[in-house]
Amino acid sequence: MSTTTERRTEASVVELVPDPPSRRDRVLTWALPLVALCVLVAGGLTWWRASGHDQEMVDEAAVRDRVLIVATSHIETLNSLDYRKVDEGLKGWVAVTTGTLHDQLTSVSEEDRKVLAEQEKISTGSVMEAAVTELDDDSATVIAAVEITVRDGSTSGEDAEPTVKRNRFAADLVKVGDDWLLESLEQVAVNMS
């Protein structure tokens, strides 16, 4: 009987000792958590980059909107003039410009001012549509469709219908300090073909 008991005991011991893990099991034990960690880190980095990039896009959109608003106002200013307030109108033009355009407007002669007053015209520019086509940190280009209403200011023409013209303009703006100013404003030809 003792031989049978010894065999049962040996069999029990053999069954209690687990088989050593295979190489595949050892690799899976370390590889799966490592892969999960890599996926988690990659996801976190992607989210972090995307959240920063979103802020950059929001900031750029805010600058673009600001440039568009300022350009619209400046283009309307340069397309508006009341013959009764020529000096005030020219001061408005000078205030929204810089560079060569600014220099040209500050050097308007007294004779030219007199001609503007004698024409007795009141022009009012209104930007109908505009878009920023180029933008960087300190310069921008804007295109605009402008409707210019010209009224005869003479007493004999009070009942006359105003003349309405539609023009397209390209405007270059530069940042001077915290302000965006017009550096150039050119009429763009419309291709009819």
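Right, let's walk through the structure included here. Bear in mind the structure is a predicted one, so any value in this text is a computation, not a measurement. (Residues numbered from 1 in each chain as written. Predicted model: local features only at pLDDT ≥ 70, side-chain atom pairs only at ≥ 80, totals over all residues. Heavy atoms only, no water.)

**What about the overall build of the chain?**
Across its full length, the chain carries five helices and five strands. Mapped in sequence order, the helices and strands of the chain form the string α-α-β-α-α-α-β-β-β-β. The proportion of buried residues among the 193 residues of the chain is 24%. The long-range fraction of contacts in the chain, counting pairs at least 24 apart against all pairs at least 6 apart in sequence, stands at 55%. In the structure as shown, the chain presents an accessible area of about 14,200 Å², 55% of it carried by carbon and sulfur atoms. (Helix = DSSP H or I, 4+ residues; strand = E, 2+ residues; numbered from the N terminus. Buried < 20%, exposed > 50% of the residue type's maximum accessible area, 1.4 Å probe, protein only. Contact = heavy atoms within 4.5 Å. Areas by Shrake-Rupley, 256 points an atom, 1.4 Å probe, with all protein chains shown as cover.)

**Comments concerning the sheet that holds strand β4 (residues 163-176)**
On the basis of which strands lie adjacent, the open sheet formed by five strands has the order β1-β2-β3-β4-β5 and antiparallel pairing. Only two strands of the sheet have a single partner each, and these edge strands are β1 (81-82) and β5 (179-188). Examined bridge by bridge, β1 and strand β2 (residues 121-135) share two bridges and lie antiparallel to one another. The residue of β2 that forms the bridge with D82 is I122. (Pairing = 2+ DSSP bridges.)

**Thoughts on a nonpolar patch on the surface**
A cluster of nonpolar side chains, contributed by L34, L37, L40, V41, L45, W47 and W48, occupies part of the molecular surface with about 830 Å² of accessible area. The residue W47 is located in helix α2 (residues 23-78) in this model. Among the residues examined, W47 registers a relative accessible area of 61% and is labelled exposed. (Patch = residues over 30% accessible without salt bridge, like charges linked within 9 Å, V, L, I, M, F, W, Y side chains within 5 Å. Salt bridge = Lys/Arg side-chain N within 4 Å of Asp/Glu carboxyl O.)

**Examining the pattern of salt bridges**
Where charged atoms from two side chains of opposite charge approach closely, those side chains can pair. One pass over the structure, following the stated rule, counts five salt bridges. D82 serves as the salt-bridge partner of R84, at 2.7 Å between the closest nitrogen and oxygen. Its relative accessible area of 55% is what places R84 among the exposed residues. Here the salt bridges do not stand alone but share partners, grouping D87, E110 and R113 into one network.

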